[in-house]
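Commentary on secondary and tertiary structure
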Amino acid sequence: MEMNRHLTNIELQEYVQHVFGSSYHLIEQTKSQGGAQKAIYKVRCTNGFACMLYVWDISSNYFQEELLHEPTFRSSYGSSLFSMNTNYLQAHGIRTPALYDLNNEGKQHHFDFALVEYIDGQTAEDYFQHTDSISKDRLFQRIGEMISVMHSMERNVYGKVDNIHVKETACSRLKQNDAVKSLLYASRHLQHVKENYNQLLEKLYELEAQIPPRSRYHFIHDELGPNHILVDHQLQPCLIDIEGAGFFDLEHEHSFLALRFGEYYRYFEQKDLDPARLSFYRFCHHLSLMAGGLKLLHRQFPDQQFARNLAAYHAKHAVEML
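Residues numbered from 1 in each chain as written. Predicted model: local features only at pLDDT ≥ 70, side-chain atom pairs only at ≥ 80, totals over all residues. Heavy atoms only, no water.

1. As for helix H9 (residues 250–261)
- Taking 1.5 Å of rise per residue, the twelve residues of H9 would be expected to cover 16 Å, and the 16 Å separating its terminal C-alpha atoms lies within 8% of that figure.
- Listed as buried for H9 are Leu 250, Glu 251, His 252, Glu 253, His 254, Ser 255, Phe 256, Leu 257, Leu 259 and Phe 261.
- Against the buried residues of H9 lie helix H5 (133–151), helix H6 (171–187), strand S8 (217–220), strand S9 (229–232), strand S11 (246–248) and helix H10 (275–298). (Helix = DSSP H or I, 4+ residues; strand = E, 2+ residues; numbered from the N terminus. Expected span 1.5 Å × (residues − 1). Buried < 20%, exposed > 50% of the residue type's maximum accessible area, 1.4 Å probe, protein only. Contact = heavy atoms within 4.5 Å.)

2. Concerning helix H4 (residues 79–91)
- Helix length check: H4 (13 residues) gives 18 Å between terminal C-alpha atoms against 18 Å at 1.5 Å per residue, within 8%.
- Where H4 is concerned, the buried positions are Ser 79, Leu 81, Phe 82, Ser 83, Met 84, Asn 85, Thr 86, Tyr 88 and Leu 89.
- Positive backbone phi, at 80°, marks Gly 93, one or two positions downstream of H4.

3. Examining the sheet that holds S11
- Taking strand neighbours across the sheet as the criterion, the three strands line up as S7-S8-S11 in an open arrangement whose pairing is antiparallel. The open sheet has two free edges, formed respectively by strand S7 (154–155) and S11, since each of these has just one partner strand.
- Bridge count for S8 against S11 is three bridges, and the pairing is antiparallel. Each residue of the ladder has a partner; that of Phe 219, found in S11, is Phe 247. (Pairing = 2+ DSSP bridges.)

In C-alpha cells, the structure reads:
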C-alpha cells in the first residue's frame, strides 16, 4: 500500500473503519496528480468500495503565500467552505461528490481531511475529443442545464453563502486589486509583460471604470473549467473543487467559461450579460492565470510544462487585449 505524507496507513485504516465500519479494509491509496490547492488520494478497500481522501494542508498548497496574506484568496480555500458549498449545492439539486465525513477537529493533525465520494468516470474536458457526437451533445446539454440551475440562484449581496452583509467595495474592485498584484508579479518575470506594464495597468483601470453599479448577484463556481466537472458512465455531470463558489457577478463565470470551453461555450451562452463586465473579467482572468502559471512554475509544481504554457498563453492574450 502506498503511503501518503498526511495520514499513516494505520491512521487512514482507523478513519475509514470509523466512518464506514469494521468490514472496510484498505488495499490501496493513490495520490492524484495536479491538485494545487489540496491533496487528493483515491482509497480502495477489499470489499470493492472506493472513495477519495481530501486533505486541506496549507503547507502543501502552492498558493500558501497568497492564502496567508491576501483576504480574497482565503475565501476560496478550506474544508469549511467545501462542506458548506456541498450542502448548499446539493440542496438546490446540483450534484457534487457526497461528503461522507469531515475531520476538522485539529486534535492530532494541523490539517483538515475528509472522505468523499469517488466518481468513476472522466472529466468534461476528456469529452472534447469524444467521437460519439450524439453522446457528446447530450452531455454538454446536461452540463449547460446544471450550470443554468446554479446560476439561477441569486441575491442582493455578493459573497459566500453564509456572508449576507452588504459590502462597501464593488466585487469588480476586489478582482481589480488581485489583478494589479498578478500583473506586478508577472512583470518581474516576463519581459514582454514588463515592457507593456503601464499599458496593461491602464487597460485594467479603464475596463473597470466602465462597469455600472449593480445590486443583484448569482451563485457561481468561480473557476469552472471542464476539468472541474466529472462525468460518470451514465453521462451525468458532477461539480468538483467547489470551495470558491459563492454569489458574485455572473459575467465573472461566463468570461471564464468562454475561455475554458471554447466552441462548447455555446451550451452556456447567455444574451443578457453586461459586455463591460465580460471584457473586464476576461482581462482579469488572463492576468490571474498568467501570474498563477508563473507561481506554479517557480514553486515546483509537478507539471512544469503545464505551468509554463499557462503563463505564456495568458500573457500573450493579455497583451493582445491592449
